[in-house]
Amino acid sequence: MNNFSRRSALLYALAFLTCAVIPRPAHAQNQEIKRTWGVSTYLQTAPVTIVIPIWLTPQFVLAPLLNVNYQEKAATTLGAGFALRIYPSMQRVAPYWGVNGRAININLSGPGGSATGYAGSIYFGGEFFINPKFSLGVEPGISITLPPNSGPINVATTTLMVATAHF
């Protein structure tokens with residue numbers, strides 16, 4: 001009987017996931033879905049980044065962002081900035097490109113004090129709308145960091161994975 005219950009639970013879970021993922025007529029490409037704002041996070045370990053995408057038009061997003069990184073006995077890093085995204089077409093898979101800029105404040109543990117650096121990126125990406133209220137995306141780009149205290153400028157390629165709940 002216990003084995004039967006586990007199988008039943010597994011079948012119900014698979015049926016639920018299948019129903020959640022299968023496209024329904026509400027996702028037709030000719031139907032425009034109005035989004036006003038959302039909450040995003042980058043799917044990586046550090047720093048923790050929260051992004052609030054605000055849809056100004058169906059193709060233009062302004063997104064304030066905040067990131068926090070704590071390293072025990074080393075430093076706490078706080079960053080804030082803005083990102084701009086432009087979507088040339090809005091479908092179930094929606095490509096976009098954009099730029100972002102942010103200030104990063106590093107507070108060293110101990111007598112080191114604090115310092116502020118700056119960073120920016122140019123990127124392109126795409127979002128897959130699993131349903132009208134949730135999307136997953138990938139965002140490759142080029143990042144430029146101006147570290148505090150006149151350190152060397154760092155140019156790097158980046159790839160971020162992002163999850164967003166839309167409201």
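Up top is the structure these notes are about.
For the structure given in this document, a descriptive report is provided here. Think of each chain on its own: its residues are numbered from 1, step by step along the sequence as written. This being a predicted model, a pLDDT of at least 70 is required before a residue's local features are given, and a value of 80 or more before pairs of side-chain atoms are given or counted; all residues contribute to the totals for chains, interfaces and linings. For side-chain calculations, the full set of non-hydrogen atoms in the structure is used, while hydrogens and water are omitted.

Moving on, we come to the overall build of the protein chain. Across its full length, the protein chain carries one helix and nine strands. When the helices and strands of the protein chain are read in sequence order from the N terminus, they spell out α-β-β-β-β-β-β-β-β-β. Type-normalised accessible area, obtained with a 1.4 Å probe on protein chains alone, sets the label of each residue: buried when under 20%, exposed when over 50%, and partly exposed for intermediate values. For the protein chain, the residues scored as buried account for 28% of the 167 residues in total. Within the protein chain, contacts between residues separated by at least 24 positions form 43% of all contacts whose residues are at least 6 apart in sequence. Accessible surface computed for the protein chain: about 10500 Å², of which carbon and sulfur atoms make up 69%. By the criteria applied, helices consist of DSSP H or I runs no shorter than four residues and strands consist of E runs no shorter than two, each listed in order from the N terminus. Contacts between residues were defined by any pair of non-hydrogen atoms, one from each residue, lying within 4.5 Å. Areas reported as accessible are Shrake-Rupley estimates using a 1.4 Å probe. Residue values count occlusion only from the protein chains shown.

This part covers the pattern of salt bridges. Salt bridges are counted wherever a side-chain nitrogen of Lys or Arg sits within 4 Å of a carboxyl oxygen of Asp or Glu. What the rule picks out here adds up to two salt bridges. It is possible to trace a salt-bridge network through shared partners that takes in Arg85, Glu127 and Glu139.

One ladder, built from five bridges, connects strand β1 (residues 38–42) with strand β9 (residues 154–166); its direction is antiparallel. Counted as the bridge partner of Val39 is Ala165 from β9. Two strands qualify as a pair provided that DSSP identifies no fewer than 2 bridges between them.

On the surface, Trp37, Val39, Val48, Ile50, Ile54, Leu56 and Phe167 cluster together into a nonpolar patch covering about 590 Å² of accessible area. Counting only elements with at least two residues in the nonpolar patch, the list comes to β2 (48–51) and β3 (54–57). Nonpolar side chains (Val, Leu, Ile, Met, Phe, Trp, Tyr) within 5 Å and like charges within 9 Å form the patches, drawn only from residues with over 30% relative accessible area and no salt bridge.

How two aromatic rings sit relative to each other is given by the distance of their centres and the angle of their planes. Under the pairing criterion, centres of Phe, Tyr and Trp rings, with the six-membered ring standing for Trp, must be within 6.5 Å; the plane angle then separates stacked pairs below 30 degrees from edge-to-face pairs above 60, leaving the rest tilted. Under the counting rule described, the total for this entry stands at four aromatic pairs. When the ring of Tyr96 is compared with that of Tyr123, the centres are 6.3 Å apart and the planes differ by 80 degrees; the resulting orientation is edge-to-face. Taken together, the positions of Tyr96 in strand β6 (residues 93–108) and Tyr123 in strand β7 (residues 114–131) put the pair 27 residues apart, joining distant regions of the chain. Through a chain of ring-to-ring contacts, the aromatic side chains of Trp55, Tyr87, Tyr96 and Tyr123 assemble into a single cluster. Between the NZ or CZ atom of Arg35 and the centre of the ring of Trp55, over which it lies, the distance is 5.8 Å. Throughout this description, the term charge over a ring refers to an Arg CZ or Lys NZ atom that lies within 6 Å of the ring centre and within 35 degrees of the ring normal.

Summarising the sheet, β7 and strand β8 (residues 134–146) pair through eleven bridges and their orientation is antiparallel. The partner of Asn131 across the bridge, within β8, is Phe134. Taken together, β7 and the strand that follows it, β8, pair antiparallel across an intervening segment of two residues. Relative to β9, β8 runs antiparallel, the two being bridged by twelve bridges. The residue of β9 that forms the bridge with Thr145 is Asn154.

Let us now look at the environment of Ser143. By the secondary structure assignment, Ser143 is in strand β8. Looking at Ser143, the relative accessible area reads 9%, which means it is buried. In this structure, the C-alpha to C-alpha distance between Ser143 and Asn154, residues eleven residues apart in sequence, is 8.0 Å. For Ser143, the residues in contact, after removing those within four places along its chain, are Arg102, Gly120, Ser121, Asn154, Val155, Ala156 and Thr158.

With that settled, the discussion passes to the side chain of Asn100. When you line up the elements, Asn100 lands in strand β6. Polar contacts, as used here, are pairs of N or O atoms within 3.5 Å; protein pairs need one atom able to donate a hydrogen and one able to accept it. Residues neighboring in sequence count only if both atoms are side-chain atoms. A polar contact of 2.8 Å, which involves the side chain of Asn100, links it to the side chain of Arg102. Apart from residues lying up to four places away in sequence, Asn100 is in contact with Phe82, Ala83, Ala119, Gly120, Ser121 and Tyr123.

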